Amino acid sequence: MALVKLGSKSEAFHREGQTWRCNSGLLNDVSVEIGEMSFHLHKFPLLSRSGLLEKMLGESTFTDGSSCIVQLNQLLGGAKSFELIAKFCYGVKIELTSMNVVSLRCAAEYLQMTEEYGEGNMIVQTESFLKDVFENWTDTIKALEACEEVLPQTRSFTFEDWWYEDVSFLSLPLYKRLIQAVESGGMKPKNIAGALIFYAKKYIPQMNKQSSFKNPTSGSTVSIPSEADQGALLEEIVDLLPTQKGVIPCRFLLRLLRTAMALRTSQTCRDNLEKRVGYQLYQASLEDPLVPDMGYCVETLYDIDCFQRILEHFMSVEQEDSTSSSPCIVEEVIEGSHSLMSLTMVANLVDSYLAEVAADANLKFQKFQSIGAAVPDYARPLSDGIYRAIDIYLKAHPWLTDAEREQICRVMNFQKLSPDATTHAAQNERLPLRVIVQVLFFEQLKIRTSISGWLFLSDNPENANIPNSALALVKQDGGGGVVDMNERVSALEEECRSMKEEFQKLEKTRSWNIFCRRNSKEYFEPKSTKNCSKKQMPPPPPPPP
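Residues numbered from 1 in each chain as written. Predicted model: local features only at pLDDT ≥ 70, side-chain atom pairs only at ≥ 80, totals over all residues. Heavy atoms only, no water.

## What about the side chain of Thr 19?
Thinking step 1. Its place among the elements puts Thr 19 in strand E3 (residues 19-22).
Thinking step 2. Those residues in contact with Thr 19 that sit more than four places away from it in its chain are His 14, Met 37, Ser 38 and His 40. (Helix = DSSP H or I, 4+ residues; strand = E, 2+ residues; numbered from the N terminus. Contact = heavy atoms within 4.5 Å.)

Right under this line is the structure:
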């Protein structure tokens, strides 16, 4: 087992119950309290090694003119670690082992025991010893098991990042055995995931390329592995990832998926990542699922099929968790719950995604429609997002037939359009005429319903004393609100009536054109030549003599 001895002085500390004292012959002038344990020490040995203690002792006041009290309840490792730290400050002999080096390294970081406060200070000593520890498999396991003792006390990820970096120097076979050993030993999945994320970022340079997938990062001083080696390493890391939902950020999973596609990893690896992303798709933001299409036959700028598969995984999980197949019942059961919130977040993501890819001329309308319709209607509080995506798609695909346009518009619920979106849709020439009529109809219906409710409140004496009722809105400004609403209804009725007349004219014109084409020969043929083939013309008269 790895072991390093520090200090040269003999033991000068003794314990009395919950108190440690130093037998130096000098009067103690500082008391360090950690929980129920107290250390009666001297200021100078501590000041010479710790930046934090130097600051705290300088700010502390003397209670009786001779002793200063300092509390270190936040020290990682507690009184047990500080005992070794105090002995180190006094030059007393101590031993660094694989079981205590982790807590001592954390305590030294907290106490700011840098080289500024003495050469060969505790941070340098523990860092050097850890390199020896990680050269031995048994010592490495012991050190990582000791991590569990201090991790619950940490409030930041400084320590976690530190040991992530140290174990990342191991080769892949040894690192893989290490991860499997600490996982079986009970280490938290979150800590294992953090170590794997650090390892992947360090040894897969392809993950760090945001704008380019082919050119290596410039200025790198580390030899870059081949794409084949990076792909093999990525597959190993994916197999080691914890299976618990939410342990790994969705953004990092999508980075892994994007890198896996660029490195041409196995289909099994990519399918695994797509399922993992689907389980927590509600955590993704718009730029995360915009995966470039890297197939051999590139049709669209982004991999639309990949996003569709991820969305299907998410919806399959939601359907399994749902207790009913009826959207109305589902809405009543899970309204306000985490499930409905996740669905709403994914619906917003889908609408934003479709708006982003809608301008692609190669995006088929069947694909656009199937992705938009994958999210149930009750997951969209408003239809403004999907309407915006549809409008962009219709603008980029002017060759679509009226039937195809109407089919795409069925994805949105006209009754959930906001007033601004309704006004825009009513004047949108890209929408089919039938859709515009439906939009105006539902808007007119909502206005009539509102007016009926207001008039009911104004005519009902029971509501006369309700201070915050809708009656206040009716009476406001002398009833001007109702007048304006009536005018708006009249304008909508007139607009709807004119559109219906125009629609009927178009239908009549189309019918008349068909009738004319069928009977053009009969109408334009001279009457004198009708049925000339069935009648024999009389012979011409003889010439005069």
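We are not done yet, so read on.
## Quick look at the confidence of the model for the chain
Thinking step 1. When the pLDDT values of the chain are averaged, the result is 76; 70% of them are 70 or greater.
Thinking step 2. pLDDT under 50 marks residues 466-482. Its contacts with residues more than four places away, or in other chains, come to 14 contacts. (pLDDT = per-residue confidence, 0-100.)

## Some details on the nonpolar core
A general feature of soluble globular proteins is that nonpolar side chains tend to end up buried together.
Thinking step 1. Ranked by size, the top nonpolar core spans 141 residues in total, and within it Leu 41 and Phe 82 carry the most contacts.
Thinking step 2. Counting residues per element, this core draws most heavily on helix H15 (residues 338-357), which supplies 10 residues.
Thinking step 3. Filtering out sequence-adjacent residues up to four positions away, Leu 41 remains in contact with Phe 13, Cys 22, Asn 28, Asp 29, Val 30, Leu 46, Phe 82, Ala 86 and Tyr 90. (Core = buried A, V, L, I, M, F, W, Y, C linked by side-chain atoms within 4.5 Å. Buried < 20%, exposed > 50% of the residue type's maximum accessible area, 1.4 Å probe, protein only.)

## Topic: the pattern of salt bridges
Thinking step 1. Counting across every chain of the model gives 13 salt bridges.
Thinking step 2. The salt bridge involving Lys 87 is made with Glu 83; its shortest N-O contact spans 3.2 Å. Placement of both Lys 87 and Glu 83 in helix H3 (residues 78-90) is noted, with a separation of 4 residues, approximately one turn of the helix.
Thinking step 3. Of the residues examined, Lys 87 reaches a relative accessible area of 9% and is grouped as buried.
Thinking step 4. Here Arg 309 ties to Glu 274 by a salt bridge, and the two come within 2.9 Å at their closest N and O atoms. You can see Arg 309 sitting in helix H13 (residues 304-321) and its partner Glu 274 sitting in helix H12 (residues 267-279), a full 35 residues away along the chain.
Thinking step 5. Classification of Arg 309 by relative accessible area gives partly exposed; the value is 32%.
Thinking step 6. Salt bridges sharing partners connect three or more residues here, namely Glu 11, Glu 83 and Lys 87. (Salt bridge = Lys/Arg side-chain N within 4 Å of Asp/Glu carboxyl O.)

## With respect to unusual backbone geometry
Thinking step 1. Phi is positive for Gln 112, close to 60°, though the residue is something other than glycine.
Thinking step 2. Residue placement: Gln 112 occurs in the loop between helix H4 (101-110) and helix H5 (122-133).
Thinking step 3. Taking relative accessible area as the criterion, Gln 112 reaches 38% and is therefore assigned partly exposed.
Thinking step 4. Even without a glycine there, the phi angle at Arg 264 is positive, about 55°.
Thinking step 5. Mapped onto the fold, Arg 264 is located in the loop between helix H11 (250-262) and H12.
Thinking step 6. When its relative accessible area of 40% is taken as the criterion, Arg 264 is described as partly exposed.

## Topic: the environment of Leu 343
Thinking step 1. Turning to its location among the elements, Leu 343 is positioned in helix H15.
Thinking step 2. Spatially, the C-alpha atom of Leu 343 lies 9.0 Å from that of Tyr 378, the residues being 35 residues apart in sequence.
Thinking step 3. Excluding anything up to four places from it in sequence, Leu 343 contacts Phe 314, Met 315, Glu 318, Pro 376, Tyr 378 and Ala 379.

## Notes on the packing of helix H17 (residues 384-396) against helix H19 (residues 419-426)
Thinking step 1. Interhelical geometry of H17 versus H19 gives an angle of 25° and a closest axis separation of 10 Å. Judged by the inter-axis angle, H17 sits roughly parallel to H19. Where H17 crosses over H19, the handedness of that crossing is left-handed. Residue-level inspection shows Asp 384, Tyr 387 and Asp 391 of H17 in contact with H19, the latter providing Ala 421, His 424 and Ala 425.
Thinking step 2. Split into classes, the residues belonging to the contact of H17 with H19 amount to 3 nonpolar, 1 polar and 2 charged. (Axes fitted to C-alpha atoms, helices over the stretch in contact; angles between N-to-C directions. Parallel < 35°, antiparallel > 145°, perpendicular 65-115°, else oblique. Left-handed = near helix turned anticlockwise from the far one by under 90°. Nonpolar A, V, L, I, M, F, W, Y, C, P; charged D, E, K, R; others polar.)

## Considering the packing of aromatic side chains
Thinking step 1. Under the criterion given, the structure shown has 6 aromatic pairs.
Thinking step 2. Ring geometry for Phe 13 and Tyr 90: centres 5.3 Å apart, planes at 90°, overall edge-to-face. With Phe 13 in strand E2 (residues 13-16) and Tyr 90 in helix H3, this pair connects stretches of sequence that are 77 residues apart. Tyr 90 carries the same exposure label as Phe 13, and that label is buried.
Thinking step 3. Where Tyr 199 meets Tyr 203, the ring centres are 4.7 Å apart and the plane angle is 50°; that geometry is what we call tilted. Placement of both Tyr 199 and Tyr 203 in helix H9 (residues 189-203) is noted, with a separation of 4 residues, approximately one turn of the helix.
Thinking step 4. A residue is classified by how much of its surface remains accessible, and Tyr 199, at 3% relative accessible area, is buried.
Thinking step 5. Site record: aromatic cluster; members linked through ring pairs are Tyr 175, Tyr 199 and Tyr 203.
Thinking step 6. Note that Lys 202 overlies the ring of Phe 169, its terminal NZ or CZ placed 3.8 Å from the centroid. (Phe/Tyr/Trp six-rings, centres within 6.5 Å; stacked < 30°, edge-to-face > 60°. Lys NZ or Arg CZ within 6 Å of the ring centre and 35° of its normal.)

## Structural notes on the sheet that holds strand E4 (residues 30-34)
Thinking step 1. If you trace the 5 strands from one edge of the open sheet to the other, you get E2-E3-E5-E4-E6, paired in mixed fashion. Unpaired on one side and paired on the other, E2 and strand E6 (68-71) mark the two borders of the sheet. Taking the axes of each pair of neighbouring strands and ignoring which way they run, one obtains an average angle of 20° across the sheet.
Thinking step 2. Where E2 meets E3, 4 bridges bridge the pair, whose relative direction is antiparallel. By the bridge assignment, Phe 13 is partnered in E3 with Cys 22.
Thinking step 3. Across the face of the sheet, H3 comes into contact with E2, E3, E4 and strand E5 (37-41) while running at roughly 10° to E5. (Pairing = 2+ DSSP bridges.)

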